[in-house]
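Letter by letter, the chains look like this.
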Amino acid sequence: VEIRVSVSVDNNHCHRYAICQQEAPGVFELTHDGRLSYSAIPDPRRLEAVRQAARLCPMQAITIREVHR
Ligand code: SF4
């Protein structure tokens, strides 16, 4: 069974350390104007990297939800 997840980032807590981008490039990306953009429904093959990014976020700003369908 393929697990799909949705990702959300609390912008009030994110301090844009870009650790998430290091862990899961392409899922999380700091833009040139200093915002964090991210893919809300990442490729399931990136699941471990996304989980790792959430674990390592210093602000605990990343929420992952499993999506059942
Ligand atoms: S690691 Fe956390 S605080 Fe840093 S940019 Fe990513 S979501 Fe924001």
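Figured I'd write up the structure that's included with this text.

Cut-offs used in this document
- Residues numbered from 1 in each chain as written.
- Predicted model: local features only at pLDDT ≥ 70, side-chain atom pairs only at ≥ 80, totals over all residues.
- Heavy atoms only, no water.
- Helix = DSSP H or I, 4+ residues; strand = E, 2+ residues; numbered from the N terminus.
- Near = heavy atom within 4 Å.
- Nonpolar A, V, L, I, M, F, W, Y, C, P; charged D, E, K, R; others polar.

**Looking at unusual backbone geometry**
Phi is positive for Arg-16, close to 55°, though the residue is something other than glycine. Assignment of secondary structure puts Arg-16 in the loop between β1 (4-9) and α1 (19-23). Unlike most non-glycine residues, Gln-60 shows phi in positive territory, near 50°. Counting through the fold element by element, Gln-60 comes out in the loop between α2 (47-56) and β4 (62-67).

**Quick notes on the site of the ligand**
If you check the shell around the ligand, you find 13 residues, and the closest are Cys-14, Tyr-17, Ala-18, Cys-20 and Cys-57. The residue inventory of the shell around the ligand, partitioned by class, reads 11 nonpolar, 1 polar and 1 charged.

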